[in-house]
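So the chains spell out like this:
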Amino acid sequence: MSYQALYRVYRPQTFSELIGQDAISQTLLNALRQNRLAHAYLFCGPRGTGKTSTSKILAKAVNCLDPQDGEPCNACENCRAINEDRFLDVIEIDAASNNGVDNIRDLREEVNYTPTRGKYRVYIIDEVHMLSTGAFNALLKTLEEPPAHVIFILATTEVHKLPATILSRCQRFDFKRIQPETMAVRLQQVAGLEGMELAPDAATLIARIADGALRDGLSILDQCAGRSKQITAQLVSEVAGLAGREALYRLSDAVLARDSSAAVEELAQLHENSYDMERLCVEMINHFRNFMMVKTVKKSRELIICTDDEYKHIEASAGQFTLAQILRGLDLFQSTLVKIKGGATPRIEMEMAFIRLCEPKLETDPDAINQRLSA
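In this text, all values refer to a predicted model and were calculated from it rather than measured experimentally.

Caption draft 1: Geometry of the pattern of salt bridges. Applying the stated criterion to the full structure yields 20 salt bridges. With a shortest N-O distance of 3.4 Å, Lys56 and Glu92 are connected by a salt bridge. Residue Lys56 is found in helix H3 (residues 51-63), and its partner Glu92 is found in strand E2 (residues 90-94); the two are separated by 36 residues along the sequence. You can call Lys56 buried: its relative accessible area is 15%. Of the residues examined, Glu92 reaches a relative accessible area of 43% and is grouped as partly exposed. Here Lys341 makes a salt bridge to Glu278, at a shortest N to O gap of 2.9 Å. Of the two residues, Lys341 is situated in helix H16 (residues 323-341) and Glu278 in helix H14 (residues 277-296); the sequence distance between them amounts to 63 residues. Taken together, the shared-partner salt bridges connect Glu77, Arg80, Glu84, Arg86 and Arg117 into one network.

What follows is the structure in structure tokens.
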């Protein structure tokens, strides 16, 4: 049997297995128990938070031959067929590659056919925001009055791109980013089931990098397992192309000391070790954001994902910066990231950013002048 990625092996199969989306699970379960099903659902939220998994679970629950208090049994022929992607009444459509008006016209003709094996025909349209204007218009009437045996589930990461006419015809569910603590617990469970040793600080680091997307977290864990079954924070840093925490502190210390030479040498060292400069820029934004939280928020510990020892280190470093310096750094790194994403040379842009931070006299904008005056 071919190898399956961890995020596919551990995809939730029931509402109770969904991680970090308790309100959505409960609402859908209540609707199933009371037989109050809508004809169209809209699942929106960041990638990797469970939209497609929830769509599949809902499709199973409405077609299950032996539902267990609203949950699919995962044992009957219909559930097994849906799990194995061979159930003809659950149709998954990728709107990114089927976004034309003709595709939706074909769908409109199809919906009139009664289900072959299940109770409902379920259409799961992924990345629905990619549909063309003509396709949206073609979908409108079908969404408003579909046949009784049809359920539409629209999933999107960019809900703001959907016309109001579509939004008004769907029951909307907003999926939240999964909390780092919740994700770290799930990563530990999966690691245990796979016979890996995942250090607590490594689980926390993966959760931080994944930024609320459990699928991304499991993919990073998968990559790490390819190197070693003993997964440490150091290994995670190497696999994810992160600069180690020490490198971030060395760079921020160079800014504090106004030592542009030390900063550029550190960047050269990281570049030689194949660290991704765009990722480093994101890491520096998070690093300075942590400083900003310590400076401005009373309960900053709750807003910073790290170990207690590292939090003390962040507090000590933040104390040496003025708030103006921190905000200046954040501004500069944010604009550098935009330039890198726009095609500029990442290494040169990062070098320029650090030289500007270390040599405020080179800057002529009001923020830099105010910073020099306050100094």
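Okay, back to it.
Caption draft 2: Layout of the side chain of Glu71. Positionally, Glu71 belongs in the loop between H3 and helix H4 (77-83). As a buried residue without a salt bridge, Glu71 has its nearest oppositely charged side chain in Arg33, at a separation of 6.3 Å. A distance of 3.0 Å separates a polar side-chain atom of Glu71 from the backbone nitrogen of Ser16. Aside from chain neighbours lying at most four places away, what touches Glu71 is Thr14, Phe15, Ser16 and Leu29.

Caption draft 3: Fine view of the layout of surface pockets. A volume near 860 Å³ is recorded for the largest pocket. Arg208, Ile209, Ala210, Asp211 and Asn286 are the residues nearest the centre of the largest pocket, which is lined by 32 residues in total. Counting only elements with at least two residues in the lining of the largest pocket, the list comes to helix H8 (180-193), helix H9 (200-210), helix H10 (214-227) and H14. Sorting elements by how many residues they give to the lining of the largest pocket places H14 first, with eight residues. Taken together, the residues of the lining of the largest pocket sort by class into 11 nonpolar, five polar and 16 charged.

Caption draft 4: Structural context of the packing of aromatic side chains. This structure, assessed with the given rule, holds 10 aromatic pairs. With 5.5 Å between their ring centres and 25° between their planes, Tyr123 and Phe152 make a pair best called stacked. Here Phe152 lies in strand E4 (residues 150-156) and Tyr123 lies in strand E3 (residues 121-126), a separation of 29 residues in the sequence. Under the relative-accessibility criterion, Tyr123 is labelled buried at 0%.

Caption draft 5: Fine view of the sheet that holds strand E5 (residues 171-174). Taken in spatial order, the five strands make up an open sheet running E2-E3-E4-E1-E5, and their pairing is parallel. The open sheet has two edge strands, E2 and E5, and neither has a second partner. Across the sheet, the axes of successive neighbouring strands diverge by a mean angle of 15°, strand direction being ignored. Looking at chain direction, strand E1 (residues 40-44) and E5 are connected through four bridges and run parallel. When the bridges of E5 are listed, Cys44 appears paired with Asp174. Set on the sheet, helix H5 (residues 101-110) makes contact with E2, E3 and E4; between it and E3 the angle comes to about 165°.

Caption draft 6: Structural detail: the nonpolar core. By size, the foremost hydrophobic cluster in this structure holds 35 residues, and its most contacted members are Leu251, Leu280, Met284, Phe333, Met350 and Phe354. Those elements that provide at least two residues to this core are helix H12 (245-256), helix H13 (260-272), H14, helix H15 (308-318), H16 and helix H17 (346-358). The greatest single-element share of this core, amounting to eight residues, is contributed by H14. Aside from chain neighbours lying at most four places away, what touches Leu251 is Ala263, Glu266, Leu267, Leu270, Leu280, Met284 and Phe354.

Caption draft 7: Inspection of the pairing of E3 at higher detail. Of all six residues making up E3, five are buried, and the element is well covered by its neighbours. Examined bridge by bridge, E2 and E3 share five bridges and lie parallel to one another. If you follow Glu92 over to E3, its bridge partner there is Ile124. With H5 bridging E2 and the parallel E3, this β-α-β connection has right-handed handedness. Sheet topology note: the E3/E4 ladder contains five bridges and is parallel. Of the residues in E4, the one forming a bridge with Ile125 is Leu154. The handedness of the E3 to E4 crossover, carried by helix H6 (residues 133-144), is right-handed.

Caption draft 8: Main features of unusual backbone geometry. Despite not being glycine, Asn35 shows a phi value in the positive range, around 55°. Phi is positive for Asn74, which is not a glycine, with a value near 60°. Among the structural elements, Asn74 can be located in the loop between H3 and H4. Look at Asn74 and you get partly exposed, because its relative accessible area is 23%.

Caption draft 9: Fine view of the packing of H8 against H10. For the pair H8 and H10, the least separation of the axes is 11 Å and the interaxial angle reads 40°. Relative to H10, the element H8 lies oblique. Relative to H10, the crossing made by H8 is right-handed. Across from Met183, Arg186, Leu187, Val190 and Ala191 in H8, the residues of H10 making contact are Leu214, Gly217, Leu218 and Leu221. Of the residues assigned to the contact of H8 with H10, the class counts are seven nonpolar, one polar and one charged.

Analysis parameters
Residues numbered from 1 in each chain as written. Predicted model: local features only at pLDDT ≥ 70, side-chain atom pairs only at ≥ 80, totals over all residues. Heavy atoms only, no water. Salt bridge = Lys/Arg side-chain N within 4 Å of Asp/Glu carboxyl O. Helix = DSSP H or I, 4+ residues; strand = E, 2+ residues; numbered from the N terminus. Buried < 20%, exposed > 50% of the residue type's maximum accessible area, 1.4 Å probe, protein only. Lys, Arg positive; Asp, Glu negative; His and termini not counted. Polar contact = N/O pair within 3.5 Å; in protein donor to acceptor, adjacent residues only side chain to side chain. Contact = heavy atoms within 4.5 Å. 1 Å grid on protein atoms, 1.4 Å probe; cavity = no way out; pocket = protein on both sides within 12 Å on 5 of 7 lines; lining within 4 Å. Points joined across faces, edges and corners; volume = space filled by probe spheres on them. Nonpolar A, V, L, I, M, F, W, Y, C, P; charged D, E, K, R; others polar. Phe/Tyr/Trp six-rings, centres within 6.5 Å; stacked < 30°, edge-to-face > 60°. Pairing = 2+ DSSP bridges. Axes fitted to C-alpha atoms, helices over the stretch in contact; angles between N-to-C directions. Core = buried A, V, L, I, M, F, W, Y, C linked by side-chain atoms within 4.5 Å. Right-handed = clockwise from strand over helix to strand, strands pointing away. Parallel < 35°, antiparallel > 145°, perpendicular 65-115°, else oblique. Left-handed = near helix turned anticlockwise from the far one by under 90°.

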